[in-house]
Amino acid sequence: MSSDTDFYLYELDNTTLNFILSLSQKELDEYIYALICRFYPKVDKTDEKYINLKKAYKASFALEKIYRVNTLLSNNYTAIYTKTGLIKEVVLDLYDIGMEKVVIN
């Protein structure tokens, strides 16, 4: 369960997630600014890290929506979340698949 210091994206109900995704760019930027101020208070708006966090929040909201509506993804992959409202990674549930090469792109 989320506390005042934690924000887990998977705990948002669909209505709230859809509302966030339907915000105008300006409103979404303001919402993300509030999240960054809450969880990363030392990051200045002019820092490259701020820009990267802003992109990560936008991508996480979009990925969460896709993950929820696509049962093929949600039944075969596990989403790993941060305490600050981001999706860190999505991992294949089939762990024992052999000696395939790992490529990090």
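Just above sits the structure.
Residues numbered from 1 in each chain as written. Predicted model: local features only at pLDDT ≥ 70, side-chain atom pairs only at ≥ 80, totals over all residues. Heavy atoms only, no water.

Side note on the side chain of S60
Mapped onto the elements of the fold, S60 is located in helix α3 (residues 48-69). On the basis of relative accessible area, S60 is assigned to the buried category, the value being 4%. Within the local environment of S60, its side chain forms a polar contact with the backbone nitrogen of I87, the two atoms lying 2.9 Å apart. In contact with S60, not counting residues within four places along its chain, are L9, G85, L86 and I87. (Helix = DSSP H or I, 4+ residues; strand = E, 2+ residues; numbered from the N terminus. Buried < 20%, exposed > 50% of the residue type's maximum accessible area, 1.4 Å probe, protein only. Polar contact = N/O pair within 3.5 Å; in protein donor to acceptor, adjacent residues only side chain to side chain. Contact = heavy atoms within 4.5 Å.)

Some points on the packing of helix α2 (residues 25-39) against α3
Think of two packed helices as two axes; the pair is described by the angle between the axes and how far apart they sit. For the pair α2 and α3, interaxial distance at closest approach is 10 Å and the crossing angle is 115°. By the criterion of interaxial angle, the relationship of α2 to α3 is roughly perpendicular. Where α2 crosses over α3, the handedness of that crossing is right-handed. Contact residues: α2 offers Q25, L28, D29, Y31, I32, Y33, L35, I36 and F39, while α3 offers Y50, L53, K54, Y57, K58 and F61. Of the residues assigned to the contact of α2 with α3, the class counts are 11 nonpolar, one polar and three charged. (Axes fitted to C-alpha atoms, helices over the stretch in contact; angles between N-to-C directions. Parallel < 35°, antiparallel > 145°, perpendicular 65-115°, else oblique. Left-handed = near helix turned anticlockwise from the far one by under 90°. Nonpolar A, V, L, I, M, F, W, Y, C, P; charged D, E, K, R; others polar.)

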